[in-house]
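Here is what each chain is made of, one letter per residue.
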Amino acid sequence: MNIVTVKDYTALSEKAARFVADRVNGKKELVLGLPTGSTPEGMYAKLVKLYREQKVDFSEVVSFNLDEYCGLRSDHPQSYHYYMNRNFFDHVNISEENRHIPIHSEYYEDESCSRYDQLIDRAGGIDLQVLGIGTNGHIAFNEPADYLIGGTHLVQLSEKTIEANSRFFNSRAEVPRRAITMGMATIMHAAEILLLAAGKNKARAIEKACSGVITTQLPASLLQLHNNCTLLLDREAASLL
Ligand code: GLP
């Protein structure tokens, strides 16, 4: 893994945006895997700025988001659909038919998962996957477990993730208990991975993800098996390395 450390969150957001813009400008019809969470917000803001300055053009990009909560309407302010529109899609020129976010359907659960995988396959797989990381080492919503699932699937969120994500909701009780997520195989098949982590509360997960030990109990540790993966960290997230 390449580890790049920058001084703070602003520098991380700037560098991440330039990294993504480079790849977008470097390949026609780039297939871009996109994350949510508080960490990439700064990157999206800088990408929007680069777009307004005409330094990047998303018109041919095909995007696939990592995950979405089950049971939230797409116009719910905490849904990842809403997040993506507010932070990114409303401000750049990725065409609507080229944006994909997994959707949980109560009636067609298996179909909604396999259809998402088919769409990614048909697009030719992911060229650049941008990731965040949970404090428990989760990637997308692939939670620590005895085994991990390769393709898109439904997942029961861990207590730690519910706790961590409750800061975005009025109360812990409002946090959805289930989510739909891209699986670890799809993520690991991406040609290139860029993981972003900022802040002290990510330092332990980053330390474990780089320790040389690979375990499904820390999904981010699997990234050590990837041959083109960059961890972009601020000083605090890198403080235990
Ligand atoms: C959520 C998302 C992950 C994200 C993680 C960390 O659980 N499903 O994709 O990486 O949160 O989020 P944050 O950047 O807010 O710490």
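Everything discussed here concerns the structure shown above.
Everything numeric in this text was worked out from a predicted model, so none of it was measured.

Caption draft 1: Examining the side chain of Ser 221 more closely. Along the polypeptide, Ser 221 turns up in the loop between helix H7 (203–209) and strand S10 (229–234). A relative accessible area of 0% places Ser 221 in the buried class. Within polar-contact distance, the side chain of Ser 221 engages the backbone nitrogen of Thr 215 at 2.9 Å. Discounting residues that sit within four places of it in the chain, Ser 221 has contacts with Lys 208, Ala 209, Val 213, Ile 214 and Thr 215.

Caption draft 2: Just the nonpolar core, in detail. Among the nonpolar cores identified, the biggest contains 32 residues, and Phe 64, Leu 131, Ile 139, Met 182, Ile 187, Leu 195 and Leu 223 are the most heavily contacted of them. Where this core is concerned, the elements lending two or more residues are strand S3 (62–65), helix H4 (109–122), helix H6 (184–188), strand S9 (192–197), H7 and S10. In this structure, Leu 32, Leu 50, Phe 89 and Val 92 belong to the second largest nonpolar core, which totals 31 residues.

Caption draft 3: Spatial organisation of the site of the ligand. Of all residues adjacent to the ligand, which total 13 residues, the nearest are Ser 38, Thr 39, Asp 67, Arg 167 and Lys 202. Between the ligand and Arg 167, the relevant distance is 2.8 Å, taken from an oxygen atom to a side-chain nitrogen or oxygen of the residue. Here an oxygen atom of the ligand and a side-chain polar atom of Lys 202 are 2.6 Å apart. Burial of the ligand by the surrounding chains reaches 96%, relative to a free accessible area of 390 Å². Taken together, the residues of the shell around the ligand break down into four nonpolar, six polar and three charged.

Caption draft 4: Expanded view of helix H2 (residues 41–52). In a regular helix each residue adds 1.5 Å, so 12 residues correspond to 16 Å; H2 covers 17 Å between its end C-alpha atoms and thus fits that length. Turning to H2, its buried residues number three or more, namely Gly 42, Met 43, Tyr 44, Leu 47, Val 48 and Leu 50. Contacts made by the buried residues of H2 are with helix H1 (9–26), strand S2 (31–34), helix H3 (80–87), strand S6 (128–131) and S9. Downstream of H2 by one or two residues, Gln 54 has phi in the positive range, about 60 degrees.

Caption draft 5: Expanded view of the sheet that holds strand S7 (residues 153–156). Strand order in the open sheet formed by three strands is S4-S8-S7, with antiparallel pairing between adjacent strands. Every interior strand has two partners, whereas the edge strands, strand S4 (67–69) and S7, have only one. Averaged over neighbouring strand pairs, the angle between their axes works out to 25 degrees when direction is ignored.

Caption draft 6: Main features of the pairing of S2. In S2, alternate side chains face the same way, and those of Val 31 and Gly 33 on one face and Leu 32 and Leu 34 on the other are all buried. Inspection of the sheet shows S2 paired to S6 by two bridges, in the parallel sense. Pairing of Gly 33 across the sheet is with Gln 129, part of S6.

The rules behind the values
- Residues numbered from 1 in each chain as written.
- Predicted model: local features only at pLDDT ≥ 70, side-chain atom pairs only at ≥ 80, totals over all residues.
- Heavy atoms only, no water.
- Helix = DSSP H or I, 4+ residues; strand = E, 2+ residues; numbered from the N terminus.
- Buried < 20%, exposed > 50% of the residue type's maximum accessible area, 1.4 Å probe, protein only.
- Polar contact = N/O pair within 3.5 Å; in protein donor to acceptor, adjacent residues only side chain to side chain.
- Contact = heavy atoms within 4.5 Å.
- Core = buried A, V, L, I, M, F, W, Y, C linked by side-chain atoms within 4.5 Å.
- Near = heavy atom within 4 Å.
- Areas by Shrake-Rupley, 256 points an atom, 1.4 Å probe, with all protein chains shown as cover.
- Nonpolar A, V, L, I, M, F, W, Y, C, P; charged D, E, K, R; others polar.
- Expected span 1.5 Å × (residues − 1).
- Pairing = 2+ DSSP bridges.
- Axes fitted to C-alpha atoms, helices over the stretch in contact; angles between N-to-C directions.

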